[in-house]
Amino acid sequence: MTTDTTGTAARDGEPRRGGPADSPFVRACRRQPVPHTPVWFMRQAGRSLPEYREIRASVPMLESCRRPELVTEITLQPVRRHGVDAAILFSDIVVPVAAAGIDLDIVPGTGPVVAEPVRTAADVERIARIGRDEVSYVDEAVRLLVAELGDTPLIGFAGAPFTLASYLVEGGPSRTHAKTKALMYGDPELWHALCARLAEVTSSFLRVQIEAGVSAVQLFDSWAGALSEADYRRFVLPHSASVLGGLADGGVPRIHFGVGTGELLAAMGEAGADVVGVDWRTPLDVATGRIGPDKAVQGNLDPTVLLAPWPVVEAEVRRIVEQGRAAPGHVFNLGHGVLPETDPDVLTRVVALVHELSARPARQG
Ligand code: CP3
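## Concerning the overall build of the protein
Reasoning step 1: For the protein, the helix and strand inventory stands at 15 helices and nine strands.
Reasoning step 2: The C-alpha atoms of the protein give a radius of gyration of 20 Å, which matches the 21 Å a tight globule of 365 residues would have.
Reasoning step 3: With respect to the three principal axes, the spread of C-alpha positions in the protein is 60 × 45 × 45 Å.
Reasoning step 4: Residues counted as buried form 57% of the 365 residues belonging to the protein.
Reasoning step 5: Accessible area of the protein: about 14500 Å², with a carbon and sulfur share of 51%.

Written out as structure tokens, the structure is:
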């Protein structure tokens, strides 16, 4: 790892000083020296914030994702309140699937519910290809946000083929993913056709966000941890790799995240990410040993720890910042999303603590 902290050497391929591409978050993703460990939280925009609940009280979830001014306001809320190092676009993994013509809703307290689950070749054909026209509201929201955010980077995101397929095949959230796995094992050809189509939708959705100006993208394969490594490699990795590999020319770091993926970390890195997200089950020093020295890591505070008394939170944050030093780049985050019952003031304190614990001498210009 380079120890250059002067910041004066304009190495080839490095962005100009200042601007979101030179922010601590993007630099950490690229394994470059940083003034402090950057921090953001999955689901930082959401029900933990009273200002979010107020806006959403009268607007259904999917509709709120399609109104660029609302998306902009909700995305900015946690940046203003907590001083996080990155914003994440307010949207949902099922937004592009809905844009592709699948009838679905996001039911409060449940999650995505699909009217007619996808289980046949004809069903796969119902998933249309999308482009900017189908998600013009996302294009518009990203452009508004990039203008508002200044030097703070905006993260775009999408769902990975396996996690999207699970919602589509099950018809809703599932603990066992039984119908999904039955299709995967029982009809591999149809499974691969479904995932290939979802990879196309996801790639297009991410491409729209990159062209509109996001500074990084995160591919959420939240439920991939339900699979063995062998099955992950056979049934999932090629499709996630097609998404991530297809964005190699996009010029922005690619983050790949799942829950319960301790046994999959190396494989998820091979799918083409620059940064691998790690949940709380695997310490970051162990995780980076599995992932290898050419990728940064992101994580990994257990979101339930935020419900504990502050000294417990503080000790865990210290441990994670310390273990993150073993990685060639570390973006502090939770191991999964912020729980709605989290006290937002605790999140604000965590941001300040991570910055304080990781502060390096200022770079001289
Ligand atoms: O701040 C952010 O992280 C950006 C916003 C974001 C949302 N969904 C908003 C949302 C992101 C990144 C997502 C991704 C998402 N959506 C994932 C992957 C990340 C993960 O949590 O693993 C998944 C699996 C989904 C599917 C989904 N959508 C679920 C499971 C739920 C929760 C259902 C519930 O009510 O508990 C949703 C709805 C959703 N997406 C909410 C938010 C803020 C809650 C809606 C509300 O406020 O009522």
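## Some thoughts on the nonpolar core
General note: in soluble globular proteins, nonpolar side chains tend to be found buried as a group.
Reasoning step 1: Phe-25, Tyr-232 and Val-350 are the most contacted members of the largest nonpolar core, which totals 125 residues.
Reasoning step 2: Per-element tally for this core: the top contributor is helix α10 (residues 188-212), with twelve residues.
Reasoning step 3: Contacts of Phe-25, omitting those with residues within four sequence positions, involve Pro-38, Trp-40, Asp-85, Ala-86, Pro-153, Ile-155, Ala-216, Ile-255, Gln-298 and Val-331.

## Examining the pattern of salt bridges
Reasoning step 1: For the coordinates displayed, the defined rule picks out 18 salt bridges.
Reasoning step 2: The partner of Arg-281 in a salt bridge is Asp-279, with the nearest N and O atoms 2.3 Å apart.
Reasoning step 3: Since its relative accessible area comes to 51%, Arg-281 is described here as exposed.
Reasoning step 4: In this structure Asp-279 comes out as buried when scored by relative accessible area, which is 2%.
Reasoning step 5: Each member of the salt-bridge network shares a partner with another, and the members are Glu-125, Arg-129, Arg-197 and Glu-200.

## Considering the sheet that holds strand β8 (residues 296-301)
Reasoning step 1: As summarised here, the arrangement of the seven strands in space is β1-β4-β5-β6-β7-β8-β9, forming an open sheet in which the pairing is parallel. Because the sheet does not close on itself, it has two edges, and the strands there are β1 (87-88) and β9 (330-334).
Reasoning step 2: α10 rests against β4 (154-159) and β5 (216-220) of the sheet, and its axis sits at about 170° to β4.

## Observations concerning the packing of helix α8 (residues 161-170) against α10
Reasoning step 1: Close contact between α8 and α10 brings their axes to 9 Å; oriented N to C, the two are set at 115°. In terms of their interaxial angle, α8 and α10 are classed as roughly perpendicular. Like other packed secondary-structure pairs, α8 and α10 cross with a definite hand, here right-handed. Here Pro-161, Phe-162, Leu-164, Ala-165, Leu-168 and Val-169 of α8 lie close against α10, whose contacting residues are Trp-191, Leu-194, Cys-195, Leu-198, Ala-199 and Thr-202.

## Here's the deal with the layout of surface pockets
Reasoning step 1: Of the voids in this model, the largest pocket is the one considered here, and its volume is about 1200 Å³.
Reasoning step 2: As for the largest pocket, its lining consists of 37 residues, and the residues nearest its centre are Arg-43, Arg-47, Asp-92, Gly-111 and Val-338.
Reasoning step 3: For the lining of the largest pocket, the secondary structure elements donating two or more residues are α2 (50-56), β2 (104-107) and β3 (111-114).
Reasoning step 4: The biggest single contributor to the lining of the largest pocket is β2, with three residues.
Reasoning step 5: For the lining of the largest pocket, the class distribution of residues is 22 nonpolar, ten polar and five charged.

Reading guide: rules and limits
Residues numbered from 1 in each chain as written. Predicted model: local features only at pLDDT ≥ 70, side-chain atom pairs only at ≥ 80, totals over all residues. Heavy atoms only, no water. Helix = DSSP H or I, 4+ residues; strand = E, 2+ residues; numbered from the N terminus. Rg over C-alpha atoms; globule rule 2.2 N^0.38 Å. Buried < 20%, exposed > 50% of the residue type's maximum accessible area, 1.4 Å probe, protein only. Areas by Shrake-Rupley, 256 points an atom, 1.4 Å probe, with all protein chains shown as cover. Core = buried A, V, L, I, M, F, W, Y, C linked by side-chain atoms within 4.5 Å. Contact = heavy atoms within 4.5 Å. Salt bridge = Lys/Arg side-chain N within 4 Å of Asp/Glu carboxyl O. Pairing = 2+ DSSP bridges. Axes fitted to C-alpha atoms, helices over the stretch in contact; angles between N-to-C directions. Parallel < 35°, antiparallel > 145°, perpendicular 65-115°, else oblique. Left-handed = near helix turned anticlockwise from the far one by under 90°. 1 Å grid on protein atoms, 1.4 Å probe; cavity = no way out; pocket = protein on both sides within 12 Å on 5 of 7 lines; lining within 4 Å. Points joined across faces, edges and corners; volume = space filled by probe spheres on them. Nonpolar A, V, L, I, M, F, W, Y, C, P; charged D, E, K, R; others polar.

This is a description of form; function is not addressed.
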